[in-house]
Amino acid sequence: MLTDVIEVTDVEKKYVNGKESLHVLDQVSYQVKKGEIVTLLGKSGCGKSTILNMVAGFEKADGGSVMLDGHEVKRPSRKCIMLFQQINLLPWRTVIKNVELGLDGEKIPRVEKKKRIMDALKLVGLENVLHQFPHELSGGMQQRVAIARALAMQPDVILMDEPFAALDTFNRYLLQDELLRIQEKLKTTILLVTHDIDEAVYLSDRILIMSSHPGRIFKDMPIKLAKPRDRAGEDFHHYRKRILEEFELSGSHQEPEYII
Ligand SMILES: Nc1ncnc2c1ncn2[C@@H]1O[C@H](COP(=O)(O)OP(=O)(O)O)[C@@H](O)[C@H]1O
Ligand SMILES: [Mg+2]
């Protein structure tokens, strides 16, 4: 039986701003098994990043528990790495040096360090641009460097907060395919956040659909389609439609300027 790598139970979160209190998360519970790709899907402001930040150890819950590999999350750990939409590479460091950054402070022999870095760069197809600087690369390639940096750390879990949102459609599709190829090989557990229904259906083994104000998970939907998936296929469309209907049914309150 597969074990739960991430276990979130009855999590509550409020942000207090002066006299105002914002109830962001209400009784949020879910589990992610080893090797699964699970997506939190919801409208802007429903609390997706807040949940992810709690798993990453950046943010604390007001109630409930967040467990990683059977231990309560108290601080960030190298076993659980976050990838952001804003790619935070150091502009004065080359590709290989940016990837090396992930292993700074780790007590591993030089030869192994080099091997891990090269293996990660090969996995994302960047072995030919080792000595280039970030500004010489496209946005898609820069995000690949960030992925390689995470992979070199050999994490058990990768958390992704809308990691491809800043890319154009073609690069986004390309990187989604790369992510699936890498995950197929390494079986890393991935918890992803997105407001993009297509991205969620394309990548996920399960989608956790969220409602807003306060943020709740109201549906845990397995996507029973073989990978790689056909974005234009009928089955794919069927899931898109079901998810859209779920959002309508959820009746979740949303400010008009926010769109899915
Ligand atoms: N540090 C904070 N202080 C106050 N409010 C916050 C803070 N972080 C997030 N929020 C609010 O909490 C809600 C959920 O935010 P977030 O988790 O970023 O949503 P999402 O990632 O789904 O767009 C939003 O209304 C946001 O404005
Ligand atoms: Mg967010």
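Residues numbered from 1 in each chain as written. Chains lettered and ligands numbered in written order. Predicted model: local features only at pLDDT ≥ 70, side-chain atom pairs only at ≥ 80, totals over all residues. Heavy atoms only, no water.

The name an unreviewed UniProt entry gives the protein is Taurine-transporting ATPase, with Neobacillus bataviensis LMG 21833 as the organism.

Draft legend 1. How the structure looks around the site of ligand 1. Near ligand 1 you find Tyr 15, Leu 22, Val 24, Lys 43, Ser 44, Gly 45, Cys 46, Gly 47, Lys 48, Ser 49 and Thr 50, and these make up its full shell. Between ligand 1 and Lys 48 there is a distance of 2.9 Å, counted from an oxygen atom to a backbone nitrogen or oxygen. Thr 50 has a polar side-chain atom sitting 2.5 Å from an oxygen atom of ligand 1. Against a free-state accessible area of 560 Å², the protein chains account for coverage of 61% of ligand 1. Of all the elements in the fold, those that place two or more residues in the shell around ligand 1 are β2 (20-33) and α1 (48-56). (Near = heavy atom within 4 Å. Polar contact = N/O pair within 3.5 Å; in protein donor to acceptor, adjacent residues only side chain to side chain. Areas by Shrake-Rupley, 256 points an atom, 1.4 Å probe, with all protein chains shown as cover. Helix = DSSP H or I, 4+ residues; strand = E, 2+ residues; numbered from the N terminus.)

Draft legend 2. The UniProt feature "domain: ABC transporter" (unreviewed entry) in the protein, seen in detail. Per the UniProt record, "domain: ABC transporter" (unreviewed entry) is annotated on residues 6-237. Structurally, residues 6-237 is divided into 31% helix and 29% strand, and its ends, taken at the C-alpha atoms, are 29 Å apart. (UniProt positions renumbered as here; feature names shortened; annotations may be inferred.)

Draft legend 3. Seen up close, the packing of helix α4 (residues 139-152) against helix α5 (residues 169-186). Close contact between α4 and α5 brings their axes to 11 Å; oriented N to C, the two are set at 20°. Taken together, the axis directions place α4 and α5 in an arrangement best described as roughly parallel. Helix-helix and strand crossings are classified by hand; for α4 and α5 the assignment is right-handed. Taking contact as the criterion, the partners of Gly 140, Gln 143, Arg 144 and Leu 151 in α4 are, on α5, Asn 171, Leu 174, Leu 175, Glu 178, Ile 182 and Leu 186. For the contact of α4 with α5, a count of residues per class yields 5 nonpolar, 3 polar and 2 charged. (Axes fitted to C-alpha atoms, helices over the stretch in contact; angles between N-to-C directions. Parallel < 35°, antiparallel > 145°, perpendicular 65-115°, else oblique. Left-handed = near helix turned anticlockwise from the far one by under 90°. Contact = heavy atoms within 4.5 Å. Nonpolar A, V, L, I, M, F, W, Y, C, P; charged D, E, K, R; others polar.)

Draft legend 4. Seen up close, the sheet that holds β2. Ordered in space as β2-β1-β4-β5, the 4 strands form an open sheet in which the pairing is antiparallel. Pairing within the sheet leaves two strands with one partner each, and these edge strands are β2 and β5 (71-72). Where strand β1 (residues 4-17) and β2 come together, 10 bridges link them in antiparallel fashion. Following the sheet pairing, Val 8 is matched in β2 by Tyr 30. (Pairing = 2+ DSSP bridges.)

Draft legend 5. Spatial organisation of the pattern of salt bridges. What the rule picks out here adds up to 17 salt bridges. For the salt bridge of Lys 33 with Asp 4, the shortest nitrogen-to-oxygen distance reads 3.0 Å. Residue Lys 33 is located in strand β2, and its partner Asp 4 is located in strand β1; the two are separated by 29 residues in the primary sequence. Across the salt bridge formed by Arg 240 and Asp 198, the nearest N and O atoms sit 2.6 Å from each other. In this pair, Arg 240 sits in helix α7 (residues 234-250) while Asp 198 sits in helix α6 (residues 197-203), placing the two residues 42 residues apart along the sequence. Taking relative accessible area as the criterion, Arg 240 reaches 28% and is therefore assigned partly exposed. Within the structure, one salt-bridge network assembled from shared partners comprises Glu 36, Arg 206 and Asp 220. (Salt bridge = Lys/Arg side-chain N within 4 Å of Asp/Glu carboxyl O. Buried < 20%, exposed > 50% of the residue type's maximum accessible area, 1.4 Å probe, protein only.)

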